[in-house]
Amino acid sequence: MPEYPHSIGSKLPKIGTTIFTVMSKLAQKHNAINLSQGFPDFPVDPLLIDLVSKYMRQGYNQYPPMAGVMSLRETISGKMEKAYGVQYDPDSEITVTAGGTQAIFTAINALIGEGDEVILFTPAYDCYAPAIELVGGKPVYVQLKSGDYSIDWKQVKKVVTRHTKMILINSPQNPTGAVIGTKDIQELIKITKDNDIIILSDEVYEHIVFDGERHLSMAGYPELANRSLIVYSFGKTFHVTGWKTGYVVGPKNLMHEFRKVHQFNVFTANAPIQYALAEYMSEPSRYMGVAEMYQRKRDVFLSAVSASRFKLKPSKGTYFQLLDYSAISEEEDQDFAVRLTADFQVASIPISVFYHNPVQDHVLRFCFAKEEDTLLRAGEILSKI
Ligand code: GLN
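On a predicted model such as this, the values are computed, not experimentally measured, just so you know.

Trainee: Run through the site of the ligand, naming residues and quoting values.
Mentor: For the ligand, the full set of nearby residues is Phe20, Gln37, Gly38, Tyr125, Asn174, Tyr205, Phe320 and Arg365. Between the ligand and Asn174, the relevant distance is 2.7 Å, taken from an oxygen atom to a side-chain nitrogen or oxygen of the residue. Arg365 places a polar side-chain atom, nitrogen or oxygen, 2.7 Å from an oxygen atom of the ligand. Starting from 300 Å² of accessible surface for the ligand in isolation, the protein chains cover 78%. Along the lines of polarity and charge, the residues of the shell around the ligand split into four nonpolar, three polar and one charged.

Laid out in structure tokens, this is it:
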């Protein structure tokens, strides 16, 4: 096909293809163990598969309601109450989405306009800033503290202006595996006390928090819950990232605006999957137990690389582990990640791409949502480098 013969410019001139696609493709090309893009390589519970198939066979194959299947919204409401002690009205405060990324994109589209500032923390998940820029908003970057990747609240205070419309929180944090604590919650309450700043909280790894810690949700704090849209993901919790199903909860007025955009963005999400998830989630142990499973995997991976020259950064949540390779090479992380994939057949994600100002931590992100055997094979290779 000959190219379009006119100049088109670009709404995102600095953006290429997302690093997750780039590294997964490279992993495939070199037949590498793919610990780059975050997705589980182990089977989905057959019961969940049977339920989807049951609902497909029963004829649940047409558009579900715009905001999502009611039985699923009711189950989500029950989960929010059990997990965070707060009631969300299934009718007006919960919307099912086509995954977390769509939820974030839609929330930003619905709430951010020309010149609005959105504070986000780097290294930041890569879909945030482009969504803000596409609607004429201004991403305001605050770098997480080096070392433990905690939030530098002094810095946050410095960048809050009368144009600050939103703070984007992500805990457990992708890519670092850091989680927020009660001090962060207190700071957030203080900073939003006398203004109308909205919080967009990406909590898709809510159930994957380790070492006996508890996930702190915006939902659990009334002063924050009433200004927060919170994003969750079934893909992360039930190892079905390819089903692209998630949801958003928030107070009625924020949700009302969210739905105005959602209805014209995707209209609704996959019907049989929603019915299946509603039935599957009626048993809370099916989602409350995943942290244990992932902690085991994290520990298998950690012990498999413990004798290597990689230095571990603590992973407190998510299914990602950061490894510092500065004892091995001074190469920039993008180069090192490519070499590791091509020459050693282990693919990972370079962290520098998630910063606004170029920062070179010499750190790579490895996904441990994999079969133990995969983790052991990767560990063996990494230990020889
Ligand atoms: N959330 C996944 C990760 O962090 C990537 C999802 C995607 O490829 N868009 O690896």
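Trainee: How would you summarise unusual backbone geometry if you had to cite specific residues and measurements?
Mentor: In this model, Ser171 is joined to Pro172 through a cis peptide bond whose omega is -15°. Its location among the elements puts Pro172 in the loop between strand 5 (164–170) and helix 7 (182–191). Along the chain, Asn174 connects to Pro175 via a cis peptide bond; the corresponding omega equals 20°. As for its placement among the helices and strands, Pro175 is situated in the loop between strand 5 and helix 7.

Trainee: Kindly report on the sheet that holds strand 13 (residues 363–367), identifying the contributing residues and their values.
Mentor: In spatial order, the strands read 9-10-13-12; together these four strands make up an open sheet with antiparallel pairing. Every other strand in the sheet has two partners, leaving strand 9 (311–312) and strand 12 (349–350) as the edge strands with one partner each. Relative to strand 13, strand 12 is paired through two bridges, and the arrangement is antiparallel. Paired with Pro350 across the two strands is Leu364, which belongs to strand 13. Each of strand 9, strand 10 (320–324) and strand 13 touches helix 13 (residues 290–305); the most contacted strand, strand 10, lies at about 15° to it.

Trainee: Can you tell me about the side chain of Asn174, naming the residues and giving the values?
Mentor: The topology assignment puts Asn174 in the loop between strand 5 and helix 7. A polar contact of 2.7 Å, which involves the side chain of Asn174, links it to the side chain of Arg365. With residues up to four places along the chain from it excluded, the contact list for Asn174 reads Pro123, Ala124, Tyr125, Tyr205, Thr318, Phe320 and Arg365.

Trainee: So what's going on with the nonpolar core? Residues and values would help.
Mentor: Formed by 123 residues in total, the largest nonpolar core has its most connected members in Ile108, Tyr294 and Leu382. Aside from chain neighbours lying at most four places away, what touches Ile108 is Tyr128, Ala131, Ile132, Val135, Met166, Leu168 and Leu200.

Trainee: Just give me the short version of the environment of Ile208, but keep the residues and values in it.
Mentor: Tracing the backbone through its elements, the reader meets Ile208 in the loop between strand 6 (198–202) and helix 8 (222–225). Discounting chain neighbours no more than four positions away, the residues touching Ile208 are Pro172, Lys236, Val290, Ala291, Tyr294, Gly317, Thr318 and Tyr319.

Trainee: For the pairing of strand 2 (residues 94–97), give the residues involved together with the corresponding values.
Mentor: Judged by which residues are buried, strand 2 turns out to be covered on both faces: Ile94 and Val96 on one side and Thr95 and Thr97 on the other are all buried. Two strands pair when backbone bridges link them, and strand 2 and strand 8 (residues 246–249) are joined in this way by four bridges, in the antiparallel orientation. Residue pairing across strands places Thr95 opposite Val248, the latter belonging to strand 8.

Trainee: Tell me about the pairing of strand 10, and please be specific about residues and values.
Mentor: Strand 10 sits mainly inside the fold: five of its five residues count as buried. Taken together, the two bridges between strand 9 and strand 10 define a ladder with antiparallel strand orientation. Bridge pairing in strand 10 places Leu312 opposite Leu323. Bridge count between strand 10 and strand 13: five bridges; the pairing is antiparallel. Residue pairing for strand 13: Leu323 is matched across the bridge by Leu364.

Rules and cut-offs
- Residues numbered from 1 in each chain as written.
- Predicted model: local features only at pLDDT ≥ 70, side-chain atom pairs only at ≥ 80, totals over all residues.
- Heavy atoms only, no water.
- Near = heavy atom within 4 Å.
- Polar contact = N/O pair within 3.5 Å; in protein donor to acceptor, adjacent residues only side chain to side chain.
- Areas by Shrake-Rupley, 256 points an atom, 1.4 Å probe, with all protein chains shown as cover.
- Nonpolar A, V, L, I, M, F, W, Y, C, P; charged D, E, K, R; others polar.
- Helix = DSSP H or I, 4+ residues; strand = E, 2+ residues; numbered from the N terminus.
- Pairing = 2+ DSSP bridges.
- Contact = heavy atoms within 4.5 Å.
- Axes fitted to C-alpha atoms, helices over the stretch in contact; angles between N-to-C directions.
- Core = buried A, V, L, I, M, F, W, Y, C linked by side-chain atoms within 4.5 Å.
- Buried < 20%, exposed > 50% of the residue type's maximum accessible area, 1.4 Å probe, protein only.

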